[in-house]
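Secondary and tertiary structure notes
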There are 2 protein chains.
Amino acid sequence: VSRIAVDAMGGDRAPAEIVGGALDAFRAGHDVVLVGDMEAIGPHLDGARVEVVPATEVIHMDEDPGRAIRDKKDASISVASRLVASGEADGVVSAGSTGAAIAAAAFIIGRVRGITRPAIASLLPTDKVVLDSGANLTCRPDQLVEFAVMGAALATSHFGLDSPKVGLLNIGEEPGKGRELEKAAFDMLSTSPGIHFVGNVEGHDIASSRADVIVTDGFTGNVLLKTAEGTADMVQRILTGIVADDPAHQPALAQLAPAFGRFREILDPESIGGAQLLGVDGVVIIAHGSSSRTAVSNAVAMAVEGAEHKLPSKIKLGVAALAGV
Amino acid sequence: VSRIAVDAMGGDRAPAEIVGGALDAFRAGHDVVLVGDMEAIGPHLDGARVEVVPATEVIHMDEDPGRAIRDKKDASISVASRLVASGEADGVVSAGSTGAAIAAAAFIIGRVRGITRPAIASLLPTDKVVLDSGANLTCRPDQLVEFAVMGAALATSHFGLDSPKVGLLNIGEEPGKGRELEKAAFDMLSTSPGIHFVGNVEGHDIASSRADVIVTDGFTGNVLLKTAEGTADMVQRILTGIVADDPAHQPALAQLAPAFGRFREILDPESIGGAQLLGVDGVVIIAHGSSSRTAVSNAVAMAVEGAEHKLPSKIKLGVAALAGV
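1. Section: the overall build of chain A
Of the regular secondary structure elements, chain A holds 11 helices and 11 strands. Over its C-alpha trace chain A gives a radius of gyration of 20 Å, about what one expects of a compact globule, namely 20 Å for 325 residues. Across its three principal axes, chain A shows a C-alpha extent of roughly 65 × 60 × 35 Å. Within the span of chain A, comprising 325 residues, buried residues form 57% of the whole. Look at the contacts in chain A between residues 6 or more apart in sequence, and 69% of them connect residues 24 or more apart. Accessible surface, chain A as shown: approximately 12800 Å² in total, 51% of it carbon and sulfur.

2. Some thoughts on the relation of the copies chain B and chain A
Expressed as a screw operation, the relation of chain B to chain A combines 0.0 Å of axial shift with a rotation of 180°, fitting to an RMSD of 0.0 Å. Such a turn and shift between the copies fits a two-fold axis. The C-alpha atom lying nearest the rotation axis in chain B is that of A252(B); the distance is 2.1 Å. Same-surface contact between copies: 100% of interface residues of chain B are shared with the interface of chain A.

3. Description of the sheet that holds strand β4 (residues 91-94) of chain A
Residues and elements named next belong to chain A. Spatially, β3-β2-β1-β4-β11-β10-β5-β6-β9-β7-β8 is the arrangement adopted by the 11 strands of the open sheet, whose pairing is mixed. Both edges of this open sheet fall to β3 (51-54) and β8 (196-201), since each of them pairs with a single strand only. With strand direction ignored, the average angle separating the axes of adjacent strands in the sheet is 25°. Pairing of strand β5 (residues 119-124) with strand β10 (residues 275-278) involves 3 bridges; the strand directions are antiparallel. Each residue of the ladder has a partner; that of A119, found in β10, is L278. Where helix α1 (residues 16-27) meets the sheet, its contacts fall on β1 (3-7) and β2 (31-36), and the angle it forms with β2 comes to roughly 160°.

4. Notes on the sheet that holds strand β5 (residues 119-124) of chain B
All names here are of chain B. One open sheet accounts for 11 strands, arranged β3-β2-β1-β4-β11-β10-β5-β6-β9-β7-β8; its pairing is mixed. For this open sheet the edge positions go to β3 (51-54) and β8 (196-201), each flanked by a neighbour on one side alone. In this sheet, adjacent strand axes meet at a mean angle of 25° when their direction is disregarded. Summarising the sheet, strand β6 (residues 128-131) and strand β9 (residues 213-215) pair through 3 bridges and their orientation is parallel. Within β9, the position partnered with L131 by the bridge is V215. Relative to the sheet, helix α4 (residues 76-85) contacts β1 (3-7), β2 (31-36), β3 and β4 (91-94), its axis offset from that of β2 by approximately 145°. Running over the sheet, helix α10 (residues 293-308) touches β1, β2, β4, β5, β10 (275-278) and β11 (283-286) and is turned about 155° from β11.

5. What about the interface of chain B and chain A?
Taken together, the contacts link 45 residues of chain B with 45 residues of chain A. Where chain B abuts chain A, roughly 4200 Å² becomes buried across the two surfaces, and 80% of that area is made up of carbon and sulfur atoms. Contact with chain A buries area across many residues of chain B, yet I171(B), R179(B) and F219(B) alone supply 15% of it, more than any other trio. Where chain B meets chain A, there are 2 salt bridges. For K226(A), the salt bridge is made with E202(B), and the minimal N-O distance between the two is 2.4 Å. Viewed at the interface, chain A and chain B are joined by 8 residue pairs in polar contact (both at pLDDT 80 or more). Among the secondary structure elements, those contributing two or more residues to the side of chain B that touches chain A are α8 (218-244) and α9 (250-267) of chain B. By residue number, the principal contributor to the side of chain B that touches chain A is α8(B), which donates 18 residues. For the side of chain B that touches chain A, the residue count by class is 25 nonpolar, 14 polar and 6 charged.

6. Considering the state of the cysteines
Throughout the structure, instances matching the rule amount to 0 disulfides over all chains. Here C139(B) stays unpaired: no disulfide links it, and the sulfur of C139(A), its closest cysteine neighbor, is 19 Å away. For C139(B), a relative accessible area of 15% puts it in the buried group.

7. Considering the packing of aromatic side chains
Residues and elements named next belong to chain A. Applying the stated criterion across every chain yields a total of 2 aromatic pairs over all chains. Between F186 and F197, the ring centres sit 5.3 Å apart and the planes meet at 75°, which makes this aromatic pair edge-to-face. Here F186, found in helix α7 (residues 180-191), pairs with F197, found in strand β8; they are 11 residues apart in sequence, far enough to count as distant. Like F197, F186 is buried.

8. Some remarks on the nonpolar core
Of all hydrophobic cores here, the largest spans 60 residues; its most connected members are V6(B), L34(B), L131(B) and V215(B). Ranked by residues supplied to this core, first place goes to helix α6 (residues 141-159) of chain B with 10 residues. Setting aside anything within four residues of it in sequence, one finds V215(B) in contact with L131(B), L144(B), F147(B), A148(B), V166(B), G167(B), L168(B), L169(B) and L189(B). Membership of the second largest hydrophobic core comes to 59 residues, among which are V93(A), V149(A), A153(A) and A287(A).

9. Looking at the pairing of strand β6 (residues 128-131) of chain A
All names here are of chain A. By the alternation rule, side chains of β6 split into K128 and V130 and V129 and L131, which are all buried. Alignment of β5 against β6, held across 4 bridges, turns out to be antiparallel. By the bridge assignment, L124 is partnered in β6 with K128. Counting the residues that bridge the hairpin from β5 to β6 gives 3 residues, and of these D127 lies at a positive phi of roughly 60°.

10. Here's the deal with the packing of helix α6 (residues 141-159) of chain A against α7(A)
Residue and element names in this part refer to chain A. α7 packs onto α6 with a crossing angle of 50° between their chain directions and a minimal axis gap of 8 Å. When the interaxial angle is binned, α6 and α7 end up oblique. For the pair α6 and α7, the crossing hand works out as right-handed. Packed against α6, whose contacting residues are P141, D142, L144, V145 and A148, the element α7 presents L181, A184, A185, M188 and L189 at the interface. Residues of the contact of α6 with α7, tallied by class, amount to 9 nonpolar, no polar and 1 charged.

11. Let's talk about the environment of A244(B)
All names here are of chain B. Examined against the element boundaries, A244 turns out to sit in helix α8. As a C-alpha pair, A244 and V166 span 78 residues in sequence and 40 Å in three-dimensional space. Beyond its immediate sequence surroundings of up to four residues, A244 is in contact with L239, Q250 and L253.

Conventions and cut-offs
- Residues numbered from 1 in each chain as written.
- Chains lettered and ligands numbered in written order.
- Predicted model: local features only at pLDDT ≥ 70, side-chain atom pairs only at ≥ 80, totals over all residues.
- Heavy atoms only, no water.
- Helix = DSSP H or I, 4+ residues; strand = E, 2+ residues; numbered from the N terminus.
- Rg over C-alpha atoms; globule rule 2.2 N^0.38 Å.
- Buried < 20%, exposed > 50% of the residue type's maximum accessible area, 1.4 Å probe, protein only.
- Contact = heavy atoms within 4.5 Å.
- Areas by Shrake-Rupley, 256 points an atom, 1.4 Å probe, with all protein chains shown as cover.
- Least-squares fit on C-alpha atoms with pLDDT ≥ 70 in both.
- Pairing = 2+ DSSP bridges.
- Axes fitted to C-alpha atoms, helices over the stretch in contact; angles between N-to-C directions.
- Buried area = accessible area lost by both parts, 1.4 Å probe.
- Salt bridge = Lys/Arg side-chain N within 4 Å of Asp/Glu carboxyl O.
- Polar contact = N/O pair within 3.5 Å; in protein donor to acceptor, adjacent residues only side chain to side chain.
- Nonpolar A, V, L, I, M, F, W, Y, C, P; charged D, E, K, R; others polar.
- Disulfide = S-S within 2.5 Å.
- Phe/Tyr/Trp six-rings, centres within 6.5 Å; stacked < 30°, edge-to-face > 60°.
- Core = buried A, V, L, I, M, F, W, Y, C linked by side-chain atoms within 4.5 Å.
- Parallel < 35°, antiparallel > 145°, perpendicular 65-115°, else oblique.
- Left-handed = near helix turned anticlockwise from the far one by under 90°.

Here it is, written out as structure tokens:
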């Protein structure tokens, strides 16, 4: 059974919602260990016999992540990451500072050999992996090739695909489109062994079947994800404004209520739980800062899945294939 | 009355849908002139007495735009742009090669003094202006300031706003976020006279009230717009799949049909007609390559609006304010 360390102190709603989510995951049969301030965690444990590993410090959102990881040896995210590095846990979940989680993963858990830059991979409700979604604001073309390898490993383990289709996010489908970054990455991806490269894809292909994995730099990926989230919200609000606010529609809406419920569920970002930091030698789930207990519980399930599919090992195999080994 | 030159030969569905759209605009009272191959246009004119200015050449999607504009002096987009340059028309609408329309505008109509790079501004159904959405894949920080001036002019004339709020697209709200481009642009926008700068905005702010104008480089803007379009489509398809495909829902759906119709109308990209190329000394509407007659007709109406609000002059005033004149 995979064991997941949950950073109880990170996130806007820590520790209550984080501990609550960890408890839900524990009760669903997952092996979790909470990391943080014992006194803050205790009252939320609700009598459950979940192990707690103490950590006396917390890294706040406004701290410089690299410096904070160096200075605060006993920060909850650092202690949780050391549990993974030492093999006492298989994965870590944090809703705290993304930068701190990345720095802790890179310095404490360590990078996978051959990966120069760990990247954040996000799963879309359309069954796609998008990376990088924010760890590396600017990238070199060869790093986009690394993202392709890592994203394909995640798509293989999460969606059960044999040979996931990898697309390069661009402003047009034709080869030769884009900035210098995309032009060079297109050429490298076209000739990289072990990558099923399908060419350029565009923003609207997050909803098409052209690619299972979409690679881009972390700035563009972050904009893409937040735009998709914002648009999905907006469309639901427009629909509500037109359809639900008219009293004459109430009988029809009552009939459709279960269907609308499923619709909202599919689009709920919390159903996915978090993004994965790929390229480090352990499973790291970066949950949204505003995560509720539901999101945290789903993030733990995602970490368990990554650990059971040995995602870091799959990435090592992909890196080896890339090198022609 | 503003006179709009319509490039009858550009677009996937040219000339039939383009001529049809121009006819619809003409019948709605707009003064249009069609530009292109007389023999190709004639059969679609439906007996209407719309003026046609002949152009013997066409620029295709796969041609190098700059070279095509230099070599094909009698291309429809060039002839249409010359009508604007000479004052015989007040604006041009094209659904053909975007690159060719930009090159024709820059070389034939000419840039507004003080604007180094014309930019494509797109209107969202949430009443926002986003620019650049594809003309300049990489930008300097001072060009983002120019975009702010141009986008504010469009928001003023299109939405009737006194002092449109300008946001800088970024990966977080806090100052100091982003790439070197955003960091430098943030500082310049903060101190530029005449710009109501509200700071960084994120992808999801296309649906919030934080900014009326969102500025970014053309690569990121293009990804943002296509992601929003793709997501809106996807959400509608998910909804249809869940709600509309169940026969038991039919009575309720029949009651809600007019409301769903309005919902789809709001999200229909064709209702907007096209994007505007700002920073040249005339009104230039770039319609989508797949534009139907409805889209073309709406694009003509948008060109008329821009011409009547003297958008290029408004941009000149913004540039002057920026220079402290």
